Each structure stands twice: as C-alpha cells, then as structure tokens.
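Here is what each chain is made of, one letter per residue.
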Amino acid sequence: MKRLIAPSILASNFLKLGVDIELLNKSDADWIHVDVMDGRFVPNISFGMPIIKAVKTIAEKPLDVHLMIVEPGKYFNDFKSAGADILTVHYEACPHLHKDIQTIHSLGMKAGIALNPHTPIHLLEEIITDADLILIMSVNPGFGGQSFIKESISKISRLRDMIDRTGSNALIEVDGGVGLDNAKILFDAGVNVLVAGSSVFGSADPQDTIKKLKSV
Ligand code: DX5
Ligand code: ZN
C-alpha cells in the first residue's frame, strides 16, 4: 500500500518559508500540505492565495491544499490558479458535496473530502467512489500542535473496510497530532498519507524525521 508523507507548512517558519519549501523539495516528502483557514469554519485564520502562489513558484512536489473554510466552492478557480494539485473540502462545509467534487475534477485537480472528528464515515457511503482522497481529522481543525485523538484509529480501519468493499480508489490521509509515536499504527490501520506539521518542523532534523516517518 502507498505510504506518503505530506508535511504541513502551517508549522514552518513563515519568515523563511522559501527555505522550508526547498528543504521539503530535497526531502522524502511526497506532497506539501497547505492549511487554509478562514476564521469561520475554524476559529483560526492562516493564509490564502498569495502565499500559495508564492509557494508554487518553487515547490517541486504537489500542493495538497486543505480548505478549512465555509463556502469553499466560491474559490475553486482561484485555488486552481494559485497552484493547488489536490483540493480537499470539509464534508461539514459542503451541502452540495457531489457537485463540488465534480467541479474540482473539471478544473483538473484531485478532490479530497475531510471529516471532522465527530463526523461518522458512514456519511461517505454515496460519495466514496467519487473521491480521490478522504482526510480523517485526528484533531479538531484550526491549530497545529494538538494531541492526537486516539479514536481516529478505529475510524480509519472502518474507512479502509469501506474503501476496499466499494472498490473506491480513494487514498486515506490522516491529519493532526501525527508523529513518530503513532505513524506505524496509522499505516497499519490503512492510512496512505500522513500529514505532519509540528513533528516535522519542530524536530531538530526535519528531513530525517520525514524519512523516519516513511519507514516506521
Ligand atoms: C489542523 C491542520 C493540520 C495541522 C497539523 O487544523 O489541518 O494540517 O497543520 O499540525 P500538527 O501536525 O502539528 O498536528
Ligand atoms: Zn490540514
């Protein structure tokens, strides 16, 4: 099974963002995870289009853009223009999720669906074969550096069963409180993509941590 690492630049040094992107370019990271927060869907505000555009000019890995915003459909075109390769919207923010997934695809991006910790996976039953990625939030979204919610592990196992049963091609991504202490159990539960912010950028050697996360 695919094992990918997507470091989150939310935990990078914004004063030296270019240096941190170059570091990821030269690392074993597969994607660059980009957290967009609007202060409405989540209590925090992060960054938007100008930063993503700047990152895109030097990034050598796909931009995995995680939208924690209300009415994300208003901005799909803008995120495509800014350089998003994978665009993930929250289930909780999309009353017309099927249409949103189709629109993301029509713009030439991969489409992901994120679930908050309280949102059950059975709600994905009718959409699972349309998605390229399911992002399981293992913290309540809004901030980096939070503690991993351990119930996420059984949720991931049940999602793995659903994906295998339905023949969906969706990858499973887990986001929040992920590090060397839980990477193995997450891969074993069926995760394909680990998002890691603090555990990568807060470590003494981010490139070595990425390598270790990949080979736990
Ligand atoms: C949280 C974001 C995460 C965050 C993860 O709302 O979606 O991607 O950057 O940070 P860590 O790895 O520090 O929990
Ligand atoms: Zn994220």
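My aim in this report is to walk through the structure given alongside it, one point at a time. Note that the coordinates shown come from a computational prediction; the quantities given were computed from them, not determined experimentally.

Mapped onto the elements, Ser 203 comes out in the loop between α7 (198-201) and α8 (206-214). A distance of 2.7 Å separates a polar atom in the side chain of Ser 203 from the backbone oxygen of Val 200. Among the polar contacts made by the side chain of Ser 203, one reaches the side chain of Thr 209 at a distance of 2.8 Å. With residues up to four places along the chain from it excluded, the contact list for Ser 203 reads Ser 198 and Thr 209.

Glancing now at the coordination of the zinc ion (ligand 2). Looking at the metal site, the zinc ion (ligand 2) is ligated by His 33 (NE2), Asp 35 (OD), His 66 (ND1) and Asp 175 (OD), spaced 2.0 to 2.3 Å from it. Geometry at the zinc ion (ligand 2) is octahedral, judged from the six donor atoms that bind it and their angles of 69 to 169 degrees at the metal. Coordination of the zinc ion (ligand 2) draws on donor residues from a single chain, spaced H-x1-D-x30-H-x108-D in sequence. Taken together, the residues His 33 in strand β2 (residues 32-37) and His 66 in strand β3 (residues 63-68) connect sequence positions 33 residues apart. By relative accessible area, His 33 is classed as buried at 0%.

Taken together, the eight strands give an open sheet; going across it, the order is β1-β8-β7-β6-β5-β4-β3-β2, and neighbouring strands pair in parallel fashion. Each edge of the open sheet carries a strand with a single partner, namely β1 (4-7) and β2. On average, each strand axis in the sheet is tilted by 25 degrees relative to the strand beside it, whichever way the strands run. As paired strands, β3 and strand β4 (residues 86-90) are joined by three bridges and run parallel to one another. Among the inter-strand pairings, Val 65 is bridged to a residue of β4, identified as Leu 87.

Rules of the game
- Residues numbered from 1 in each chain as written.
- Chains lettered and ligands numbered in written order.
- Predicted model: local features only at pLDDT ≥ 70, side-chain atom pairs only at ≥ 80, totals over all residues.
- Heavy atoms only, no water.
- Helix = DSSP H or I, 4+ residues; strand = E, 2+ residues; numbered from the N terminus.
- Polar contact = N/O pair within 3.5 Å; in protein donor to acceptor, adjacent residues only side chain to side chain.
- Contact = heavy atoms within 4.5 Å.
- Donors = N, O, S within 2.8 Å, 3.2 Å for Na, K, Ca; no water.
- Tetrahedral: all angles 85-135°; square planar, octahedral: opposite > 155°, others 65-115°.
- Buried < 20%, exposed > 50% of the residue type's maximum accessible area, 1.4 Å probe, protein only.
- Pairing = 2+ DSSP bridges.
- Axes fitted to C-alpha atoms, helices over the stretch in contact; angles between N-to-C directions.

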